[in-house]
Amino acid sequence: MTVIEEQEFLEGASAAMDIFCPMHIFVSASGHIDHVGPTMLKLRPKEAFLGKRFFEVFDLCRPSTAATMEGLKALHGRKLHLQLRDAPRTDLKGVLVPRMRGDGIAINLSFGISIVDALAEYPLTSRDFAITDPTIEMLYLIEAKSAAMEASRSLNQRLQGAMIAAEEQAYTDTLTGLKNRRAMDHILGRLIEGEKSFALMHLDLDFFKAVNDTMGHAAGDTVLQKVARILVEETRDVDTVARVGGDEFVLIFNRLTERDELEEIARRMISRLEEPVPHDGQICRISGSIGTVISTDYEALDAVRLLSDADIALYASKHKGRACHTFYSDDLLEDGRNLAPPVGREAS
Amino acid sequence: MHGLINTALQSFTRDIYGDDAWAQVMNHADLGFSEFEAMLIYEDEQTCAVLGGLELVLRKPREEVLEDIGTYLVSNPKVESLRRLLRFGGVNFIEFLQSLDDLPGRARLAVSDLDLPVMELSEYSVEHYALTLGASSVGFGHVMLGLLRAMADDYGALVMMEYGELAAGRERIEIRLLETDFTEGRSFHLGGKAG
């Protein structure tokens, strides 16, 4: 083969490679780059490649052992992980084979997953990829799947919002907006499980039934709403106020176990409950009795026990003549009357 | 019918005619809800009821409404994602036409339960094509007509199209390509949102 024939053969081979593998590189026996595919020219200008030594332009990250032309040739057919040496240091995947003529090598490169970053760095179009290269299909899939995922995510968010709203409703007493019995049980359970310190008050309205019976349910509802407002105002955001029965409330004070402070809160609540509530030109008057338990008084916490002890303290308050506050203590059990509400309480 | 198709009707109505128009459409359709979810599946009758509502509210024949929807899906900036996905089909309008056979497959690849009617492109010459569509319950051919018109614009091609009905509910769109580079068209960057 003459020199001219040789030259023509090489040009033909390069032209074919430009179509089949537009990201290929030919490296001569001396280790210099003597041809690059057209897509590589989107990454750097011609001068950045041609005539430069391969290792000047590329950093061979994996396998990291080869640093000479001989070492490179030994990587024949292996998976290469390369980076351009200057910024942007685009990651490239590659594979090399010996050249058909001469002693050089041919390397084919691809972006692999760095394609998404590469698109932001370089003006690549569909024509820069071999027709058989699935990169374009991969990009289509990335976009299509992200769009589908976005639609699913927004559906999930709306469903979650609906679920939270439904749960909130299920945990809320609709008349007063306070938590309901279920919510209170749930919160109390969590506090006990977490071995948190807290105080629990059981509050029962006095004379409420009389308001309901003589002035009607509308008056009763107004009173309950007023009570709810007072209880919320007299507690902190971290506390729980629940309406657990017709005129019964449970308050849980998070991390508050000081007797003086609890006594003060209870007294203030009772005195505010006694403020007359106007309704339809009439005045409703009620009061409240409270029994309190403190979690730190117990060695082992049990929700049923806590609530029943709070009841006993509440009965004691009722027996004392209502509008009172009592802390639970075992002494209360000595007075048998405290084991049950006062007779005629139903009419209170 | 897939929620994506129903939400397409929904966003078309809202973006072009406003929320009130959509409320009226859903009122006519009487489905018991006012919004579709893109990722849920609905009965075909529900989609038909919405189309009926659209005809009444927009005072346009169904074919025109469907064609407008096809155009909207490609040309409205609010639904840019579909236009981009279609542009992955080819670098010019001819390549795009040649990719239409794969469109139902591509749609399924993105959303596995999205079923589009079968499409087949016949090539008579470099400038004469016909797209045959399998039977569909909502007159998909009219949507495709609007969509193809908008895609031709997008690629900058000048085309003439004619719609025709075939036996057994199949539809056919005859496409004559007058010029491939009539205008510059809209640009398309592979990296879309990134770049």
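Right above here is the structure, for reference.
Description of the structure in this document. (Residues numbered from 1 in each chain as written. Chains lettered and ligands numbered in written order. Predicted model: local features only at pLDDT ≥ 70, side-chain atom pairs only at ≥ 80, totals over all residues. Heavy atoms only, no water.)

Topic: the overall build of chain B
Then, number 1: Helix and strand counts for chain B stand at eight helices and four strands.
Then, number 2: When the helices and strands of chain B are read in sequence order from the N terminus, they spell out α-α-α-α-α-α-α-β-β-α-β-β.
Then, number 3: The buried share among the 195 residues of chain B stands at 50%.
Then, number 4: The contacts of chain B with a sequence gap of at least 6 include a subset with a gap of at least 24, amounting to 62%.
Then, number 5: Taken as a whole, chain B presents about 9,300 Å² of accessible surface, with 49% of it coming from carbon and sulfur. (Helix = DSSP H or I, 4+ residues; strand = E, 2+ residues; numbered from the N terminus. Buried < 20%, exposed > 50% of the residue type's maximum accessible area, 1.4 Å probe, protein only. Contact = heavy atoms within 4.5 Å. Areas by Shrake-Rupley, 256 points an atom, 1.4 Å probe, with all protein chains shown as cover.)

A closer look at helix α10 (residues 303-319) of chain A
Then, number 1: Taking 1.5 Å of rise per residue, the 17 residues of α10 of chain A would be expected to cover 24 Å, and the 24 Å separating its terminal C-alpha atoms lies within 8% of that figure.
Then, number 2: Check the buried side of α10 of chain A and you find it contacts α6 (181-193), β7 (198-206), β9 (248-254), β12 (287-294) and β13 (325-327) of chain A. (Expected span 1.5 Å × (residues − 1).)

Examining the interface of chain B and chain A
Then, number 1: Taken residue by residue, the interface counts 19 residues in chain B and 21 residues in chain A.
Then, number 2: Together, the buried faces of chain B and chain A total about 1,900 Å²; carbon and sulfur atoms form 65% of this surface.
Then, number 3: Summed over the shared surface of chain B and chain A, the result is two salt bridges.
Then, number 4: Here Glu-143 of chain A and Arg-84 of chain B are joined by a salt bridge, their closest N and O atoms 2.6 Å apart.
Then, number 5: Linking chain B with chain A are six residue pairs in polar contact (both at pLDDT 80 or more), by the criterion used here.
Then, number 6: Elements with a contribution of two residues or more to the side of chain B that touches chain A: α5 (80-87) and α7 (103-110) of chain B.
Then, number 7: Residue contributions to the side of chain B that touches chain A peak at four residues, all from α7 of chain B. (Buried area = accessible area lost by both parts, 1.4 Å probe. Salt bridge = Lys/Arg side-chain N within 4 Å of Asp/Glu carboxyl O. Polar contact = N/O pair within 3.5 Å; in protein donor to acceptor, adjacent residues only side chain to side chain.)

A few points about the sheet that holds strand β6 (residues 105-110) of chain A
By definition, the strands of a sheet pair up through backbone hydrogen bonds, in either a parallel or an antiparallel sense.
Residues and elements named next belong to chain A.
Then, number 1: Overall, antiparallel pairing links the six strands, which are arranged β2-β1-β6-β5-β4-β3 in an open sheet. This sheet does not close on itself; its edge strands, each paired only once, are β2 (33-36) and β3 (58-62). Taken over all neighbouring pairs, the strand axes of this sheet differ in orientation by 35° on average, direction set aside.
Then, number 2: In this sheet, β6 lies alongside strand β5 (residues 91-98) in antiparallel orientation, the contact comprising six bridges. Bridge pairing in β6 links Gly-94 to Leu-109. (Pairing = 2+ DSSP bridges. Axes fitted to C-alpha atoms, helices over the stretch in contact; angles between N-to-C directions.)

Description of the packing of aromatic side chains
Then, number 1: With the rule as written, the count across this model stands at 15 aromatic pairs over all chains.
Then, number 2: Plain terms: the ring middles of Phe-96 of chain B and Tyr-155 of chain B are 5.7 Å apart, the flat faces sit at 40° to each other, and that makes the pair tilted. Here the residue Phe-96 of chain B occupies a position in helix α6 (residues 93-98), and Tyr-155 of chain B occupies one in helix α8 (residues 140-155), the gap between them amounting to 59 residues. For the pair Phe-96 of chain B and Tyr-155 of chain B, a shared accessibility class is recorded, and that class is buried.
Then, number 3: In this structure an aromatic cluster arises from ring pairing among Phe-49, Phe-54, Phe-55 and Phe-58 of chain A.
Then, number 4: Over the ring of Phe-327 of chain A we find Arg-259 of chain A, and its NZ or CZ is 4.9 Å from the ring centre. (Phe/Tyr/Trp six-rings, centres within 6.5 Å; stacked < 30°, edge-to-face > 60°. Lys NZ or Arg CZ within 6 Å of the ring centre and 35° of its normal.)

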